[in-house]
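Residue-level structure breakdown
The primary structure of each chain is shown beneath.
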Amino acid sequence: MLAIDLKHPLLPRTPRQFGLLIDGKWRSAQEEKVVERTSPAHDVRVSVYPSGEVADAEAAIVSARRAFDIGPWPKLKAAERSRVLLRAADLIEQRAEELALLDTLENGKPLTQARGEIAGAADLWRYAACLARDLHGDAYTNLGPAMLGVVVREPMGVIAIITPWNFPFLIISQKLPFALAAGCTAVVKPSELTSGSTLVLGEILLEAGLPPGAANIVTGSGRQVGAAMVRHPAVDMISFTGSTAVGKMTVATAAETLKRVSMELGGKNPQLVFADADLEAAVDAVVFGIYFNAGECCNSGSRLLVQREIAGTFLDEVVARSRAVPVGDPLDERTKVGAIISADHLGKIEGYVTDAAAAGAEVRLGGQRLAAERGRFMAPTVVAGVSPEMAIAREEVFGPVLAVLTFDTVEEAVTLANGTGYGLSAGVWSRDYDTCQTAAARIRAGTVWLNTFMEGFAELPFGGFGESGIGRELGRHAALDYTEIKTLQMHRGPRSDWWLPRAQGAQSPLGSQATLS
Ligand code: NDP
């Protein structure tokens with residue numbers, strides 16, 4: 001039985017109350033309804049947010065539109081915008097413990113891990129501040145002596161940002177600072193389950209000097225608030241991270257008003273382990289890759305593809321190490337895997353394992369929830385003997401469940417790797433350069449890690465092929481993605497190319513004298 005410490009000094013005695021941020025002011029929802037969030041690890045009420053509705057989303061959009069059309073933010077010099085983003089990064093660091101604790105209490109992730117996510121998020125705000133200073137267009141002087149072509153980048157407009165519950169503060173920080181760096185204004189809707197840290201970000205942005213209306217935050221359900229943002233004609237672009245199913249609906253709705261979309265969706269990411277790999281490093285990465293964030297991770301290495309000649313011993317070691325993973329109270333600093341986000345989701349995870357077993361797979365470890373004094377926890381689970389057509393091999397389980405398949409050749413490994421509709425990321429483990437390069441070239445995924453797994457850098461673009469998304473976040477184009485291109489064609493010098501040719505020396509009542517070319 002997992003022990004959960006209800007006397008932990010970091011557990012709040014009363015839930016924290018939040019408001020909506022609209023036009024620089026904190027408000028309750030127009031209907032005055034609220035949502036209460038209970039910690040999935042402790043079953044204790046931790047946060048109360050307004051349950052916004054369509055009218056609240058619309059008020060936020062009007063505010064963001066006004067802030068874009070007549071407010072100061074898009075017109076500021078890049079240096080001034082950059083200063084606000086840098087101040088925000090400093091304030092994020094000053095409030096890092098508070099932000100990490102909120103994400104831990106609302107999501108159930110280990111506090112030690114949440115601290116790393118907040119530090120990574122502060123770094124993203126600083127990177128965006130650098131990109132703001134480098135936003136520029138192009139000049140074309142190769143169009144003949146009479147023409148200068150200038151391509152300028154203008155801020156895209158009002159951005160609707162919709163985020164999921166698995167990395168609440170990190171994911172908003174992959175989007176909002178880059179939109180702001182470009183001079184856009186935004187309406188943000190965090191997941192209803194984990195809105196706290198995004199609302200604290202609202203306080204941080206006001207303190208950092210962001211003008212009213214440049215970033216608005218509306219909590220509430222996706223069906224009400226999210227859908228209203230996607231439909232609204234005054235929104236220019238949707239930046240969405242979440243499930244592929246909701247992503248597809250969002251793209252379809254956004255098409256009605258031809259909004260630009262940026263979609264970061266699900267993944268069913270394989271780790272390919274070849275017999276000649278550094279197997280010590282590979283086994284550690286396989287275990288980390290599936291259990292990090294309880295497997296509730298778009299990048300989760302949820303499929304192990306292992307070469308048949310080492311499959312037996314490698315799998316024994318994966319099972320042994322999985323058994324040793326510390327699951328438990330996320331406030332305990334020794335914990336590596338915390339709670340599962342909701343009872344429904346836990347049931348869905350167990351269902352995938354039950355169905356796989358019924359279809360002939362072998363559950364080598366775990367397979368069901370763990371007995372705990374409080375909250376809901378899933379046992380680290382390894383399912384072997386999986387075949388490619390099983391749901392557990394194709395669909396995103398989004399839990400600590402590893403599906404194991406075997407292969408003989410590079411060809412077969414690549415075919416298995418590409419055998420789902422997703423294409424977010426993959427890991428390849430081999431000491432052979434050709435094996436690594438051949439696999440990396442042929443795997444259809446936005447990121448391929450070679451002899452490492454799930455590292456992330458602000459400098460490197462992130463996003464997916466196929467049903468894993470549209471567009472890329474991060475990297476040096478991250479702020480450019482929130483801009484529109486405008487072309488200026490500028491004539492230089494006296495005119496010589498008349499559409500209706502005129503006689504040499506003819507006087508014009510407009511005052512000019514025709515010159516012949
Ligand atoms: P969902 O798709 O259910 O929700 C994502 C967000 O969309 C939430 O804020 C949700 O609101 C909102 N939403 C729900 N319905 C609508 C709608 N009709 N219109 C507009 N917005 C809506 O995903 P989860 O929150 O369950 O997150 C898990 C998923 O996110 C996984 O599939 C995972 O792979 C993916 N993900 C992808 C990442 C990537 O970068 N590729 C990174 C992290 C996660 P609410 O839930 O509050 O009602």
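Preceding this section is the structure that the text describes.
Residues numbered from 1 in each chain as written. Predicted model: local features only at pLDDT ≥ 70, side-chain atom pairs only at ≥ 80, totals over all residues. Heavy atoms only, no water.

In the vicinity of the ligand there are 29 residues, among which Thr163, Glu192, Ser243, Leu265 and Glu396 approach most closely. One of the backbone N or O atoms of Thr163 is found 2.7 Å from an oxygen atom in the ligand. The side chain of Glu396 places a nitrogen or oxygen atom 2.5 Å from an oxygen atom of the ligand. Burial of the ligand by the surrounding chains reaches 86%, relative to a free accessible area of 900 Å². Those elements that provide at least two residues to the shell around the ligand are helix H8 (222–231), strand S11 (237–241) and helix H9 (244–256). The biggest single contributor to the shell around the ligand is H8, with 3 residues. Its residues assigned to classes, the shell around the ligand shows 14 nonpolar, 11 polar and 4 charged. (Near = heavy atom within 4 Å. Polar contact = N/O pair within 3.5 Å; in protein donor to acceptor, adjacent residues only side chain to side chain. Areas by Shrake-Rupley, 256 points an atom, 1.4 Å probe, with all protein chains shown as cover. Helix = DSSP H or I, 4+ residues; strand = E, 2+ residues; numbered from the N terminus. Nonpolar A, V, L, I, M, F, W, Y, C, P; charged D, E, K, R; others polar.)

With that out of the way, let us pick up the sheet that holds strand S15 (residues 362–365). Overall, mixed pairing links the 7 strands, which are arranged S15-S16-S17-S14-S13-S19-S20 in an open sheet. In this open sheet, the two edge strands, each paired with only one partner strand, are S15 and strand S20 (447–450). Direction aside, the axes of adjacent strands within the sheet are offset by 25° on average. Across 3 bridges, the pairing between strand S13 (residues 270–273) and strand S19 (residues 425–429) is parallel. Paired with Val273 across the two strands is Trp429, which belongs to S19. Where helix H14 (residues 410–417) meets the sheet, its contacts fall on S13, strand S14 (303–307) and strand S17 (401–407), and the angle it forms with S17 comes to roughly 145°. (Pairing = 2+ DSSP bridges. Axes fitted to C-alpha atoms, helices over the stretch in contact; angles between N-to-C directions. Contact = heavy atoms within 4.5 Å.)

This part covers unusual backbone geometry. Backbone geometry places Ala294, a non-glycine residue, at a positive phi of 55°. With respect to the helices, strands and loops of the structure, Ala294 is situated in the loop between helix H10 (279–291) and S14. Owing to a relative accessible area of 3%, Ala294 belongs among the buried residues under this scheme. Its identity as a non-glycine residue notwithstanding, Phe398 has a phi of 60°, on the positive side. Along the chain, Phe398 turns up in the loop between helix H13 (391–394) and S17. (Buried < 20%, exposed > 50% of the residue type's maximum accessible area, 1.4 Å probe, protein only.)

Tracing the backbone through its elements, the reader meets Thr335 in the loop between helix H11 (308–323) and helix H12 (343–358). Since its relative accessible area comes to 7%, Thr335 is described here as buried. A distance of 2.8 Å separates the side chain of Thr335 from the backbone oxygen of Asp329, its partner in a polar contact.

Before going further, it helps to examine the sheet that holds strand S4 (residues 34–38). The 3 strands are arranged S1-S5-S4 in an open sheet whose pairing can be described as mixed. Looking at which strands have only one partner, the edges of the open sheet turn out to be strand S1 (16–17) and S4. Sheet topology note: the S1/strand S5 (residues 45–50) ladder contains 2 bridges and is parallel. Bridge pairing in S5 places Arg16 opposite Ser47. Against the sheet, helix H3 (residues 96–107) engages S1, S4 and S5, with an angle of about 95° to S5.

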